[in-house]
Amino acid sequence: RLVQAPPGWSCVSLPTALLVPGLILVAAGIVDLKTREIPHVFPLLLLGWAVASRVFELQEPRWAEFAVGAVLGLVVGLMAFRAGHLGGGDAKLLVGLGGLLGPIGLLVAVAWIALVGGLVGLIAKARGAEEVVFGPAIAVGYLLAVFVT
């Protein structure tokens with residue numbers, strides 16, 4: 001299926017607009033696999049990209065959507081963190097994704113992330129793992145949300 005620009009995104013800039021956050025999330029997932037920690041730089045890069053993509057018109061400058069998405073990411077991430085489902089770095093990535101995708105896009109991404117993370121968790125538990133690293137599931141969930149949904 002061909003990728004279509006989500007509402008508010010420029011078709012001309014779509015590959016760049018989608019590639020940069022994907023690379024940030026893949027890098028965060030790799031670091032998470034190696035260190036079991038996601039450094040602060042990755043959520044900050046996502047938020048920075050969300051701002052830059054609006055300022056440089058890679059997507060429409062819908063600042064309210066940015067703010068509501070980031071706050072929703074904070075709420076969802078904090079709830080999942082407090083429940084023990086996500087680590088702090090994973091939760092902060094959701095803030096960056098919310099700012100980038102807006103509230104509706106974030107909810108779509110979170111659905112994919114939960115599906116991927118759940119499958120990874122089931123496989124890991126079946127293999128006897130005590131903990132599941134969630135950063136890669138966030139990266140894959142984002143990519144599915146962008147390219148499949």
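The numbers attached to residues start from 1 for each chain and follow its sequence in the written order. Reporting of local features is limited, given that this is a predicted model, to residues whose pLDDT is at least 70; pairs of side-chain atoms are given and counted only at 80 or more, and all residues count toward the totals for whole chains, interfaces and linings. Note: side-chain values were computed over all heavy atoms of the structure, leaving out hydrogens and water.

J.: Tell me about the overall build of the protein, and please be specific about residues and values.
T.: A helix here means a DSSP run of H or I that spans at least four residues, while a strand means a run of E at least two residues long, and both kinds are numbered starting from the N terminus. What the protein contains, in helices and strands, is 5 helices and 0 strands. Going residue by residue from the N terminus, the α and β elements of the protein occur as α-α-α-α-α. Only protein chains enter the accessibility calculation, which uses a 1.4 Å probe; a residue is then buried when its area is under 20% of its type maximum, exposed when over 50%, and partly exposed in between. Residues classed as buried in the protein amount to 41% of the 149 residues present. The accessible surface values rely on the Shrake-Rupley method and a 1.4 Å probe; as for residues, cover is taken only from the protein chains in view. Here the protein has roughly 8100 Å² of accessible surface; of this, 72% comes from carbon and sulfur atoms.

J.: Provide a residue-level description of the packing of helix α2 (residues 41–55) against helix α3 (residues 63–82), including the pertinent values.
T.: Relative placement of two packed helices is described by the angle separating their axes and the distance separating the axes. Relative to each other, α2 and α3 sit at 170°, their axes nearing to 11 Å. In terms of orientation, α2 and α3 fall into the roughly antiparallel class. Residues L47, A50, V51, R54 and V55 of α2 form the contact with α3, whose own contacting residues are W63, E65 and F66. Considering only residue class, the contact of α2 with α3 consists of 6 nonpolar, no polar and 2 charged. Comment: axis = line fitted to C-alpha atoms, over the contacting stretch for helices; angle = value between 0 and 180 degrees taken between N-to-C directions. An angle below 35 degrees is read as roughly parallel, one above 145 as roughly antiparallel, one from 65 to 115 as roughly perpendicular, and any other as oblique. What makes two residues a contact is simply this: any of their non-hydrogen atoms within 4.5 Å. Asp, Glu, Lys and Arg are counted as charged, while Ala, Val, Leu, Ile, Met, Phe, Trp, Tyr, Cys and Pro are counted as nonpolar; the rest, among them Gly, fall into the polar class.

J.: Can you tell me about the environment of L122, naming the residues and giving the values?
T.: Structurally, the position occupied by L122 is in helix α4 (residues 88–126). Spatially, the C-alpha atom of L122 lies 9.4 Å from that of V132, the residues being 10 residues apart in sequence.

J.: Could you give me a rundown of the packing of aromatic side chains, with the residues and numbers involved?
T.: Within 6.5 Å between ring centres, the rings of Phe, Tyr and Trp (the latter by its six-membered ring) count as paired, and their orientation is classed by plane angle as stacked under 30 degrees, edge-to-face over 60, tilted in between. Applying the stated criterion to the full structure yields 1 aromatic pair. An angle of 75° between the planes, with centres 5.9 Å apart, marks the rings of W63 and F66 as edge-to-face. Here W63 pairs with F66, and both are found in helix α3, just 3 residues apart, close to one helical turn. Classification of W63 as partly exposed rests on a relative accessible area of 39%. Taking the relative accessible area as the measure of exposure, F66 reaches 17% and is therefore buried.

J.: Break down the confidence of the model for the protein for me, with residues and values.
T.: Counting all residues, the mean pLDDT for the protein is 89, and 90% of those residues have values of 70 or more. As a per-residue measure, pLDDT reflects the predictor's confidence and takes values from 0 up to 100. Least confident of the elements in the protein is helix α1 (residues 14–35), whose mean pLDDT is 90; most confident is α3, at 96.

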